[in-house]
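Here are the chains, one letter per residue:
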Amino acid sequence: MPKRNLVIIHLESVSTEFLGRFPQDFPALRALRERSTTFDNFCTTCPSSVTTFTDALHGNTSELEHIANFDGSGNRPAGYQANLMDVLAV
């Protein structure tokens, strides 16, 4: 079976409305979006990229609430539920 790839691009503070209003400023992103599946209505519960990825991968931010220092090398999600990669692996 060939390997499958999933690439998630999070654009901090750039909305789909902004992308549509200024397409000339994002030619590479526009070309990528035309070949991709996009989820325009995803809303995160938090402002930072790290916790936004947690929302996308786990469906909630509680997976990282136990971490006090995000610079720590041993930080891991709590494992309350399966993540998106586990679901897609099936």
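Just so it is clear, the model here is predicted, and its values are computed rather than measured.

1. Here we look at the pattern of salt bridges
In step 1: Inspection of the entire model under this criterion finds one salt bridge.
In step 2: E17 serves as the salt-bridge partner of R21, at 2.6 Å between the closest nitrogen and oxygen. With R21 and E17 both in helix α1 (residues 16-21) and four residues apart, this pair spans about one turn of that helix. Across the pair, exposure class does not vary: R21 and E17 are exposed alike.

2. Considering the side chain of E63
In step 1: If you trace the backbone, E63 turns up in the loop between α3 (49-58) and α4 (84-89).
In step 2: Notably, E63 is buried but unbridged: the nearest opposite-charge side chain belongs to R76, and the N-O separation is 11 Å.
In step 3: The contacts of E63, once residues within four sequence positions are left out, are T54, H58, R76, P77, A78, G79, Y80 and Q81.

3. What about the packing of aromatic side chains?
A ring pair, where both rings are aromatic, is described by two values, the distance of the centres and the angle of the planes.
In step 1: Inspection of every chain in the model, using the stated rule, returns two aromatic pairs.
In step 2: Centroid distance F18 to F22: 4.9 Å. Interplanar angle 50°. Geometry classified as tilted.
In step 3: By relative accessible area, F22 is classed as partly exposed at 29%.
In step 4: Taking the centre distance of 5.9 Å and the plane angle of 70° together, the rings of F18 and F26 count as edge-to-face.
In step 5: F18 sits in the partly exposed class, given a relative accessible area of 38%.
In step 6: A connected cluster of aromatic rings, assembled from ring pairs, spans F18, F22 and F26.

Cut-offs used in this document
Residues numbered from 1 in each chain as written. Predicted model: local features only at pLDDT ≥ 70, side-chain atom pairs only at ≥ 80, totals over all residues. Heavy atoms only, no water. Salt bridge = Lys/Arg side-chain N within 4 Å of Asp/Glu carboxyl O. Helix = DSSP H or I, 4+ residues; strand = E, 2+ residues; numbered from the N terminus. Buried < 20%, exposed > 50% of the residue type's maximum accessible area, 1.4 Å probe, protein only. Lys, Arg positive; Asp, Glu negative; His and termini not counted. Contact = heavy atoms within 4.5 Å. Phe/Tyr/Trp six-rings, centres within 6.5 Å; stacked < 30°, edge-to-face > 60°.

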